[in-house]
Amino acid sequence: MIWRVISPVVALVLVGFQSIAADAEPPVGYQLLVRHGWVVAMPDLSPLLTSENVSRLKGGIGLVFDYRLSLKTPRRLFGARTVAEASSALQISYRLLTDEFLICRPTNPADSGRTCGALEALADYLADSLVARMANIDSLSENNVYRLDLDVTSILLTDIRLIAGGGTREEDHEPLEYLFRQFLSLTGYGQEEWHFQSRQFHLSDLAREP
């Protein structure tokens, strides 16, 4: 198991306990807080930016991180009930001529992408710029115990071209995301999967912002 405290304000960690087709479990972490009345999760995917992945990017092979966050409350006997979920995906590529990394959302055809001029800037973006609103605080019970699960799939883009730019209308977003996730689930090509799970916590343990 791998433990990592992400912030002294939020004393919560994610523990990787399952790794499929991966030799090591990267110490992925997160921040969890209450912001504007919402429980907000900020996953840190920068540990997935390994030297091997950086070499692949600079060699012209694109990379996708598909991730899903699940807020759960354990059941009395066994298992856990999911009370909220959020998911997204990042596609990262490298531009040799300008020596820049490009980040875009492959499930959002209207996303023109964000450039990072240095590897450090890309790592910083993956560490503190991913924000997911999980649930309104009023919909959750202060008495319940919760945990956060994070599932991440990384996929290398070599010969495969993901569906992107197929339309810009708002109604196109949902079917495009569905097709993208079907692609991830049906093809095992160039994929690694990880599952991480936090320790249990109460809502009173979370830092609160105005």
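Residues numbered from 1 in each chain as written. Predicted model: local features only at pLDDT ≥ 70, side-chain atom pairs only at ≥ 80, totals over all residues. Heavy atoms only, no water.

S.K.: Would you mind showing me how to read the confidence of the model for the protein here?
M.R.: It should be kept in mind that the predicted coordinates are not to be read in detail where pLDDT is low. Taken as a whole, the protein shows an average pLDDT of 77; of its residues, 71% reach a score of 70 or greater. The model gives residues 1-25 a pLDDT under 50, and that stretch makes 68 contacts with residues more than four places away or in other chains. With pLDDT under 50 throughout, residues 159-173 is counted as low confidence; its partners more than four residues away or in other chains account for 19 contacts. (pLDDT = per-residue confidence, 0-100. Contact = heavy atoms within 4.5 Å.)

S.K.: Explain helix α1 (residues 51-58) to me, please; I cannot follow it from the model alone.
M.R.: Three- or four-residue spacings in an α-helix give side chains the same orientation, since the helix completes a turn every 3.6 residues. Burial in α1 covers these residues: N53, V54 and L57. The arc that holds the buried residues of α1, viewed along the axis, is 100°, so those residues lie on one side. Turned more than 90 degrees from where α1 packs its buried face, S51 and S55 sit exposed. Of the residues flanking the end of α1, it is G60, one or two places downstream, whose phi is positive at about 95°. (Buried < 20%, exposed > 50% of the residue type's maximum accessible area, 1.4 Å probe, protein only. Helix = DSSP H or I, 4+ residues; strand = E, 2+ residues; numbered from the N terminus. Arc of directions from axis to C-beta.)

S.K.: It is not clear to me how the nonpolar core should be interpreted in this structure. Could you clarify?
M.R.: In a soluble, globular protein the nonpolar side chains are often hidden away together inside. Counting residues in hydrophobic clusters, the biggest one holds 43 residues, and the most contacted among them are V39, L45, L126 and M134. For M134, the residues in contact, after removing those within four places along its chain, are V39, A41, L69, S70, L71, A84, E85, A86 and L148. (Core = buried A, V, L, I, M, F, W, Y, C linked by side-chain atoms within 4.5 Å.)

S.K.: Before we go on, may I ask you to explain the side chain of H195 in this structure?
M.R.: With respect to the helices, strands and loops of the structure, H195 is situated in strand β10 (residues 191-198). At 2.5 Å, the side chain of H195 and the side chain of D151 are in polar contact. (Polar contact = N/O pair within 3.5 Å; in protein donor to acceptor, adjacent residues only side chain to side chain.)

S.K.: Can you walk me through the environment of N136 in this structure?
M.R.: With respect to the secondary-structure elements, N136 resides in strand β8 (residues 132-136). For the pair N136 and W38, spaced 98 residues apart in sequence, the C-alpha to C-alpha distance is 4.4 Å. Dropping the residues within four chain positions of it, N136 is found in contact with G37 and W38. At 2.9 Å, the side chain of N136 forms a polar contact with the backbone nitrogen of D138.

S.K.: How do you make sense of the pattern of salt bridges when you look at a structure like this?
M.R.: In a structure, side chains of opposite charge can pair up when their charged atoms sit close to one another. As enumerated under the stated definition, the model contains five salt bridges in all. We note a salt bridge from E52 to R56, for which the minimum N-O separation is 2.8 Å. Of the two residues, E52 and R56 both sit in helix α1, four residues apart, roughly one turn of that helix. Of the residues examined, E52 reaches a relative accessible area of 48% and is grouped as partly exposed. The partly exposed category is assigned to R56, whose relative accessible area is 26%. D149 is paired through a salt bridge with R147; the nearest N and O atoms lie 2.8 Å apart. Taken as a pair, D149 and R147 share a single burial class, namely buried. Here the residues in one salt-bridge network are K72, R147 and D149, joined through shared partners. (Salt bridge = Lys/Arg side-chain N within 4 Å of Asp/Glu carboxyl O.)

S.K.: I tried to follow the packing of aromatic side chains on my own but got confused; where do I start?
M.R.: What characterises a pair of aromatic rings is the spacing of the ring centres plus the angle enclosed by the ring planes. Counted according to the given criterion, the structure contains two aromatic pairs. For the ring pair Y94 and F101, a centre distance of 5.1 Å and an interplane angle of 50° mean the geometry is tilted. Residues Y146 and F201 carry aromatic rings whose centres are separated by 6.4 Å and whose planes lie at 35° to one another, so their mutual orientation is tilted. Remark: F201 occurs in the loop between β10 and β11 (207-209) and Y146 occurs in the loop between β8 and β9 (147-157); sequence separation between them is 55 residues. We classify Y146 as buried; its relative accessible area is 1%. (Phe/Tyr/Trp six-rings, centres within 6.5 Å; stacked < 30°, edge-to-face > 60°.)

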